[in-house]
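Fold and geometry: a report
If you want the building blocks of each chain, they are given just below.
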Amino acid sequence: MSSSLTQCRLLSLCLLPGCLFAQAVSEQIAHQLSTRYTPYVDGASLRDVDSLAGQEAEAWWATPEVIRAARGEDALPLSGLHLALDPGHIGGIWAEWEGRHFRVSEADFWVREGELVLEVAQRVRTRLVALGAEVSLLRESNEPVNPKRPADYWTLAASQIEEPATRTLSAQLDYALAVRKRAVKMAIVTEELVERARCINEVIRPDALLSLHINAAPWPKEAQHLVHSDHAHVLIFGCLSAQELASPRQQAQLAKKLTNGSGPIEVELGTALGHALAEATDLPASDYEGLNAIRIDPEVPELWARNLLLLRLVDCPTVLLEPYIANSKNSYARIQKALAARAVYAPLPEDDILIEYADAVVDGVLRVYGSE
Ligand SMILES: [Zn+2]
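Description of the structure in this document. (Residues numbered from 1 in each chain as written. Predicted model: local features only at pLDDT ≥ 70, side-chain atom pairs only at ≥ 80, totals over all residues. Heavy atoms only, no water.)

Attention shifts here to the overall build of the chain. A count of helices and strands for the chain gives 14 helices and 7 strands. The buried share among the 372 residues of the chain stands at 49%. Roughly 18,100 Å² of accessible area belongs to the chain as shown, and the carbon and sulfur atoms make up 54% of that amount. (Helix = DSSP H or I, 4+ residues; strand = E, 2+ residues; numbered from the N terminus. Buried < 20%, exposed > 50% of the residue type's maximum accessible area, 1.4 Å probe, protein only. Areas by Shrake-Rupley, 256 points an atom, 1.4 Å probe, with all protein chains shown as cover.)

Structure, rendered in structure tokens:
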């Protein structure tokens, strides 16, 4: 019997009165809900424990413990691990549409998150493969994973935007531009993430997924000035709002993630990657001020739970990394230095920001899946 099935059976036991073991499981779920998955929703969400009992979530991945135990003495330190890497966003001609394309002066190199993290992912793969792991990248170029293009979403996008009341040319043009914007967003953001999650769940089926990003701060209102604050954090699934929990689809996804065994591995992996990033970058932990994220362990200030689409849709353990503020004085200068060296095939700087990022990821993975 798979571990997830065992958990499902355990949850069913919760319905039997007087079962102390079941009570403990139920209390564990209540604790998970109140500290991580629905911390700002009142106790009403606990009524859903009944529906969780009916879940039969499949778990194809092996836990770090099982992977380490199955490894022979002479094996490479990461043999037996199959890790998937998601270079976040797309880059290339899509970067501007993604809103991930900027520079502060014309003499600078364009900063495109999708391109920077693709290089990080490729460097991480080289290192992890040399350590014995199997590594799958979700994309190898600055092209979408989603085979559908914006034009494929035109009809749907048009149906969601109200047609103009007047037939003036400018009203028609505004309408067409709004439909185009919506169709592009569907193709390269929302449905792109849905397709990436589908690839992980149905095709790649790795032991864990790491989604690599570089964070950015909102631009100051006055002008496109770099910000001072530079920081790092990692994200795992959680922190649904009452409104999100009211959606039957999101509730089902929460139930699946809560019962399939991915949760504790996400904490272990997120903790290790948070520590590794903090040590490698020397950056302080990021802070969220609103109720859309929660720090789940005061000992690990870098680790936050948040209800992001990819984190919710991917069944296996998933951690999303958000080191550096690309438009901070510090990291922007480092990114420019990195891009300048690459542009002329010069030796890379000793403190190269992309190599530092890749090293930290490898370190975090080794802390969880590596041989003692
Ligand atoms: Zn990003």
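We now examine helix H8 (residues 169–204). The end-to-end C-alpha distance of H8 is 48 Å, a good match for the 52 Å that 36 residues give at a rise of 1.5 Å each. The sharpest bend along H8 reaches about 45° and sits at Glu192. Looking at the residues trailing H8, positive phi occurs at Arg205, about 45°. (Expected span 1.5 Å × (residues − 1). Bend = angle between axes of the 7 residues up to and from the residue.)

As enumerated under the stated definition, the model contains 6 aromatic pairs in all. Where Tyr37 meets Phe237, the ring centres are 5.9 Å apart and the plane angle is 55°; that geometry is what we call tilted. Taken together, the residues Tyr37 in helix H2 (residues 20–37) and Phe237 in strand E4 (residues 232–237) connect sequence positions 200 residues apart. According to the relative accessible area criterion, Tyr37 is buried, its value standing at 2%. Take Phe237: its relative accessible area is 0%, and that puts it in the buried class. When the ring of Tyr324 is compared with that of Tyr357, the centres are 5.9 Å apart and the planes differ by 65°; the resulting orientation is edge-to-face. Pair noted here: Tyr324 is in the loop between strand E7 (318–323) and helix H13 (329–343) and Tyr357 is in helix H14 (residues 353–369), with a separation of 33 residues, a long-range link. For the residue pair Tyr324 and Tyr357, the accessibility class agrees, reading buried in each case. (Phe/Tyr/Trp six-rings, centres within 6.5 Å; stacked < 30°, edge-to-face > 60°.)

The next thing to look at is the sheet that holds strand E3 (residues 208–212). Hydrogen bonds along the backbone pair up the strands of a sheet, which may run parallel or antiparallel. Taken together, 7 strands build an open sheet; the order of strands is E2-E1-E3-E7-E4-E6-E5 and the sheet is mixed. Pairing within the sheet leaves two strands with one partner each, and these edge strands are strand E2 (134–137) and strand E5 (293–295). For this sheet the average axis-to-axis angle between neighbouring strands, irrespective of direction, equals 25°. In terms of strand pairing, E4 meets strand E6 (residues 303–306) through 4 bridges, oriented parallel. (Pairing = 2+ DSSP bridges. Axes fitted to C-alpha atoms, helices over the stretch in contact; angles between N-to-C directions.)

Looking now at the coordination of the zinc ion. Only His89 (NE2), Glu113 (OE) and His213 (ND1) from the protein coordinate the zinc ion, and they sit 2.1 to 2.2 Å from it. Looking at His89, the relative accessible area reads 19%, which means it is buried. Residue His213 is classed as buried on the basis of its relative accessible area of 9%. (Donors = N, O, S within 2.8 Å, 3.2 Å for Na, K, Ca; no water.)

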